[in-house]
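Coordinates in review
Chain by chain, the residues:
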Amino acid sequence: LKNFQVAIDGPASAGKSTIAKILATDLKYVYVDTGAMYRTVTLAAKNAGIAYDDESGIVNLLTQIDIRFEPGTPTQRVYLNNQEVTEDIRSTEITNNVSQVASYAAVRQDLVGRQRHIANSSDIIMDGRDIGTTVLPYAQVKIFLIASVEERANRRYKENIAKGMTVDLVSLKKDIEARDYKDSHREISPLTQAEDAVLVDTTGQSIDEVVSKITKIIQNKQ
Ligand code: C5P
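Quick look at the structure, then. Residue positions are counted from 1 within each chain, in the order its sequence is given. The predicted origin of the model limits local features to residues at a pLDDT of at least 70 and limits the giving and counting of side-chain atom pairs to 80 or more, whereas totals for whole chains, interfaces and linings rest on all residues. Values shown for side chains rest on all heavy atoms present in the structure; no hydrogens or waters enter the calculation.

1. Observations regarding the packing of helix α4 (residues 92–101) against helix α8 (residues 169–185)
- The N-to-C vectors of α4 and α8 enclose an angle of 15°; their axes lie 9 Å apart at closest approach. With respect to their mutual orientation, α4 and α8 come out roughly parallel. With respect to the hand of their crossing, α4 and α8 are arranged in left-handed fashion. Of the residues in α8, those in contact with Thr-95, Asn-96, Val-98 and Ser-99 of α4 are Asp-175, Arg-179, Lys-182 and Asp-183.
- Following the grouping adopted for this structure description, the nonpolar residues are Ala, Val, Leu, Ile, Met, Phe, Trp, Tyr, Cys and Pro, the charged ones are Asp, Glu, Lys and Arg, and the polar ones are all others, Gly among them. Considered class by class, the residues forming the contact of α4 with α8 number one nonpolar, three polar and four charged. Here, axes are lines fitted to C-alpha atoms. For helices the fit covers the stretch in contact, and angles between N-to-C directions go from 0 to 180 degrees. By definition, any uninterrupted DSSP run of H or I lasting at least four residues is a helix, any uninterrupted run of E lasting at least two residues is a strand, and each is numbered from the N terminus. By definition in this entry, angles of less than 35 degrees are roughly parallel, angles greater than 145 are roughly antiparallel, angles of 65 to 115 are roughly perpendicular, and the rest are oblique. Crossing handedness is read from the near helix: turned anticlockwise from the far helix by less than a right angle, it gives a left-handed crossing, and turned clockwise, a right-handed one. Residue contacts are counted whenever heavy atoms from the two residues lie within 4.5 Å of one another.

Right under this line is the structure:
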């Protein structure tokens with residue numbers, strides 16, 4: 001590989017994007033949030049009035065979907081055809097339907113192509129579900145980030161409260177479990193730990209602790 005690639009995979013709300021963003025800033029690598037891309041396709045379907053179970057309708061839409069990331073604080077901005085969708089792609093409706101859209105073969109093929117294209121040009125940290133297994137099989141560092149479902153639901157709950165969203169903890173936990181189940185059981189590149197990935201359990205760990213652990217893993221490979 002010409003560039004350095006770090007793949008971070010794991011279940012929903014394990015802290016992948018939080019950790020990946022910090023590492024990318026520290027290392028001056030480009031950060032790619034592949035979940036945001038699946039979310040953007042899901043939002044495009046919603047905007048076009050295409051049902052989430054209409055596979056061919058969604059697949060036909062792909063050629064009309066341009067997804068662009070722009071730097072921003074505290075978070076990257078996401079654009080769908082030049083319209084900002086950074087917040088819209090995080091709604092409960094999109095969150096609860098994205099796994100279905102992400103299960104379609106042609107959707108995955110299209111987005112994996114876009115992800116590899118981005119990964120070609122610079123040193124990158126990419127997070128998602130199939131980065132270590134499928135998108136970047138030769139990544140120098142692969143991390144499989146996990147945490148207990150209780151802790152993941154709690155973290156999401158606090159984030160939602162901070163954003164002024166009211167969602168109860170019990171349904172958050174159920175939604176997380178349902179999404180993990182769908183992502184782990186789909187036919188094409190399901191969520192699984194790559195053979196050469198390092199398992200990092202963040203249950204009870206602070207963000208700083210996790211960042212320094214992964215930084216050491218990266219430094220050992222550079
Ligand atoms: O990472 P995030 O939770 O935003 O991802 C949203 C959804 O997108 C996941 O639940 C999964 O269905 C899908 N996804 C995927 N492959 C990836 C990244 C995300 O299937 N590499």
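2. Re the site of the ligand
- Among the 16 residues in the neighbourhood of the ligand, the closest are listed as Arg-39, Arg-108, Asp-130, Asp-183 and Arg-186.
- Each polar contact in these results corresponds to two N or O atoms within 3.5 Å; when the atoms are within protein, one needs to be able to donate a hydrogen and the other to accept it, and residues that are neighboring in sequence are counted only if both atoms are side-chain atoms. A distance of 2.7 Å separates an oxygen atom of the ligand from a polar atom in the side chain of Arg-39.
- Take Arg-179: an N or O atom from its side chain is 2.9 Å from an oxygen atom of the ligand.
- In isolation the ligand exposes 450 Å². Once the protein is present, 96% of that is buried.
- Mapped by element, the contributors of at least two residues to the shell around the ligand are α2 (34–47), α4 and α8.
- Among the elements that take part in the shell around the ligand, α2 stands out by supplying four residues, more than any other.
- Broken down by class, the residue content of the shell around the ligand amounts to four nonpolar, four polar and eight charged. We call a residue near a molecule or strand as soon as one heavy atom of that residue lies within 4 Å of the molecule or strand. Only the protein chains shown count as cover for residues, and all accessible areas are computed by the Shrake-Rupley method using a 1.4 Å probe.

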